[in-house]
Amino acid sequence: MSASAPAAPPAEAAVVYAVAVRELCEFTAKQGDLDLRFTPAPTAQEGIAGHTLVARRRGPGYQAELPLSGLYQGQLRVRGRADGFDAEEGRLDEVKTHKGLLDRQNPAQRQLHWAQALVYGWLLCQQQGRHSLTLALVYLEVGTEQETVFTRQCSATELQAHFEAQCARFLAWAQAEQAHRQTRDAALLRLAFPHPDFRRGQRPLAEAVYKAARSGRCLLAQAPTGIGKTVGTLFPLLKAAPGQQLDKVFFLCAKTSGRSLALTALQRLAGPPGWPLRVLELVARDKACEHPDRACHGESCPLARGFYDRLPAARQGALSPEGAQWPLTQARLREVALQHQVCPYYLGQELARWADVVVGDYHHYFDGGGLLHALSQANDWRVALLVDEAHNLLERSRSMYSVTLRPEHLARARQSPTAQQSLPVRQALARVGRAWVAHDKDQGPHYRVQEGFPPKLLAALQQALGTLSEHQTEHPAENDPALLDFQFEAVQLSRLLEQFGPHSMVDVSPGPATAPVPGQSVLCLRNLVPAHFLRERFANAHSCTLFSATLQPMHFHADLLGLPDNTACIEVDSPFQARQLQVHIATQLSTRFEHRAASLDPLVDCMAAQYQARPGNYLAFFSSHDYLQQAAARLALRHPDLPCWSQSRGMSEAEQQGFLARFRDDGQGIGFAVLGGAFAEGIDLPGRRLIGAFVATLGLPQLNPVNEEIRRRLQTQFGAGYDYTYLYPGLQKVVQAAGRVIRGPDDEGVIHLLDDRFARPEVRRLLPAWWGLED
């Protein structure tokens, strides 16, 4: 079989671009519809186990995970790992795991798999000097462990022709990308700070970000509001990008307002039109979907039909110098997508491969299925992260790696049109309901923590998932939201259970307190310490800067998020002076739950006295809507002439804007809001628009069985259960809310901390030093 060794490849220095086999084929060989029918694929663990099983079944000379690499015209390096090679039989395996019947597989998917196998085939022939090779697509059904094998005998000439055809299609893009990269890096080396000078505190922040990028470390940066953190982090990282050979910068936000600030800062850095930095905004799917009533496949949605056939033109339109309108915001991306009749959301995901800076949400990188992390790993990108308002990352990450099963979700699924019309689906969901009832009868109507997820209920859920998968494959045009929502929760549960450990817990809360009924409990797989999941995400980035005005104490975030041991920390001095802000602590007032009724009169009298001394706009923050409403009613009763307005539950975006519109330069009154809500961070009311705040709570999470169990577990793991569960999260919300008052160097204001606990030394140490409070 062997022939003489192939000629030595051209020198590596000639290579201008490198690409993984999978990415090459997805660029050149994907055709037809976008097809995202919810047919649960094997999990990562199942995929690894399946590949291991296939390799174990082969002979002793079988080589698994065979590294292969080859050059095209001395300019394009293609690399990857073939799943397996049997030298004795001369057969190269491309292994794919799946669930369900293989004859329902999309033909375009099979074609893509063959394209990958053919590329691996040539790389092997070239590397070993072979004249021919047998290629095999090996499909393993993970449930039955049954293999289905398709083989093809190929000559080296045939394989070389296929390889060169794919590479030729990709090389033009590769060359253009290399030219763009050189132009981009040259522009970044010349990048100038967009303002005459740095603000106070902005330069130390920028220097720390630059040093972290140079040393390839993570950085925790606490920097006060008002110094220009967005520009102060983007500018140094972009300056460092050429020297550190960064492929991408990901600016990750918790809220829409953060994305807007980042895009504005990038436009300010860009200067005149024509700056060669590709900036892409990614948004959530529900914000970009043009047809929310349709399913994501060609038989349902017109923008999914022929998506990959029209993608090259859409990509060209977005990226070509003639058609590019950077930054590609959500609105501009939509224009390009609809011009080419493709889905805006999935066009954005495709363009992430070609952008230099991606502005998106935390979940785009940190979620288990995060697009940006997956692309970075598949393409071996060197990336740097900027995590905006990073105090939010803990709770957001916990939610990414938690899942809650609610009885009402199962009830809606059982009442869905699909369940009504399909006997197998109806029966499968009924079995889940019966298992749920049986579990509740065994466990009783009380909150409890379990060693693991109830096995009989889990078995019923997994059986239901198989039934739903088969039904959806047979009825591709159906779009049943209630059923899909329940199915997604069940799939998420199954995947998270594969990594269940001390970082998470399974708890069960009873149904309605008045009359708990079996089958009405709420089951939660609750993540407590996302470090288990995020540690790899941080390790896979060249550098990561997490910045916020409230990151104290920093070891709290480092522990729970899983930051590397060599993470650098910086606390940037505030540009503000203590004389700008009067801080008063009501040492005789308690807002503890048992004292709230007695607190109302002195609390509203304090507000009225401050308002009468200096009329203007104030915000008052409370621990809950109930307490807020009690205080607002008492203020109206005792001080009826004092204008006030209140945040309500479930306010729409228009109602929130109306709330904020009351804060005019010439306005007067007190806005009542909930601490930790929409008006406690991320809003900017400079100057006379806001001159003071009242904080009638320490923001401590509610004392309940769930939080008490979390406290016990964090005490075991970190020796600081109360602080990690209650004190630190609460005080972060207080500082965020109080930070609304002083927004610029000319602002002056007042803060009233309305609880005696604010005078405690352990609490005062967590408040900003520039406030001038002493222990």
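Everything discussed here concerns the structure shown above.
I will try to describe carefully the structure that is included in this document.

## Brief notes about the sheet that holds strand S10 (residues 357-361)
The seven strands lie next to each other as S9-S10-S8-S11-S16-S7-S17, forming an open sheet whose pairing is parallel. With one partner strand each, in any of the chains shown, strand S9 (279-281) and strand S17 (568-571) form the two edges of the open sheet. Across the sheet, the mean angle separating the axes of adjacent strands is 15 degrees when strand polarity is ignored. Sheet topology places strand S11 (residues 383-387) next to strand S16 (residues 543-548); four bridges connect them, and they run parallel. Looking at S16, one finds that Val387 is bridged to Leu546.

## A few points about the pairing of strand S23 (residues 749-753)
With five of five residues buried, S23 is to be regarded as a mostly interior element. Across the two faces of S23 the burial is the same, with Gly749, Ile751 and Leu753 and Val750 and His752 all buried. The sheet contact formed by strand S22 (residues 692-695) and S23 spans four bridges and is parallel. Its bridge partner lying in S23, Val695 is registered against Leu753.

## What about the packing of helix H25 (residues 705-718) against helix H26 (residues 721-738)?
Following both chains from N to C, one finds H25 and H26 inclined at 135 degrees, their axes separated by 6 Å at the closest point. On the basis of the axis angle, H25 is oblique to H26. Taking contact as the criterion, the partners of Asn707, Glu708, Ile710, Arg711, Leu714, Gln715 and Phe718 in H25 are, on H26, Gly721, Tyr722, Tyr724, Thr725 and Tyr726. In terms of residue class, the contact of H25 with H26 is made up of six nonpolar, four polar and two charged.

## Remarks on unusual backbone geometry
With an omega of -10 degrees, the peptide bond running from Gln552 to Pro553 counts as cis. Within the element layout of this structure, Pro553 appears in the loop between S16 and helix H21 (554-561). The backbone of Glu65 shows a phi angle near 55 degrees, a positive value even though the residue is not glycine. Along the chain, Glu65 turns up in strand S2 (residues 62-72). Take Glu65: its relative accessible area is 38%, and that puts it in the partly exposed class.

Parameters at a glance
- Residues numbered from 1 in each chain as written.
- Predicted model: local features only at pLDDT ≥ 70, side-chain atom pairs only at ≥ 80, totals over all residues.
- Heavy atoms only, no water.
- Pairing = 2+ DSSP bridges.
- Helix = DSSP H or I, 4+ residues; strand = E, 2+ residues; numbered from the N terminus.
- Axes fitted to C-alpha atoms, helices over the stretch in contact; angles between N-to-C directions.
- Buried < 20%, exposed > 50% of the residue type's maximum accessible area, 1.4 Å probe, protein only.
- Parallel < 35°, antiparallel > 145°, perpendicular 65-115°, else oblique.
- Contact = heavy atoms within 4.5 Å.
- Nonpolar A, V, L, I, M, F, W, Y, C, P; charged D, E, K, R; others polar.

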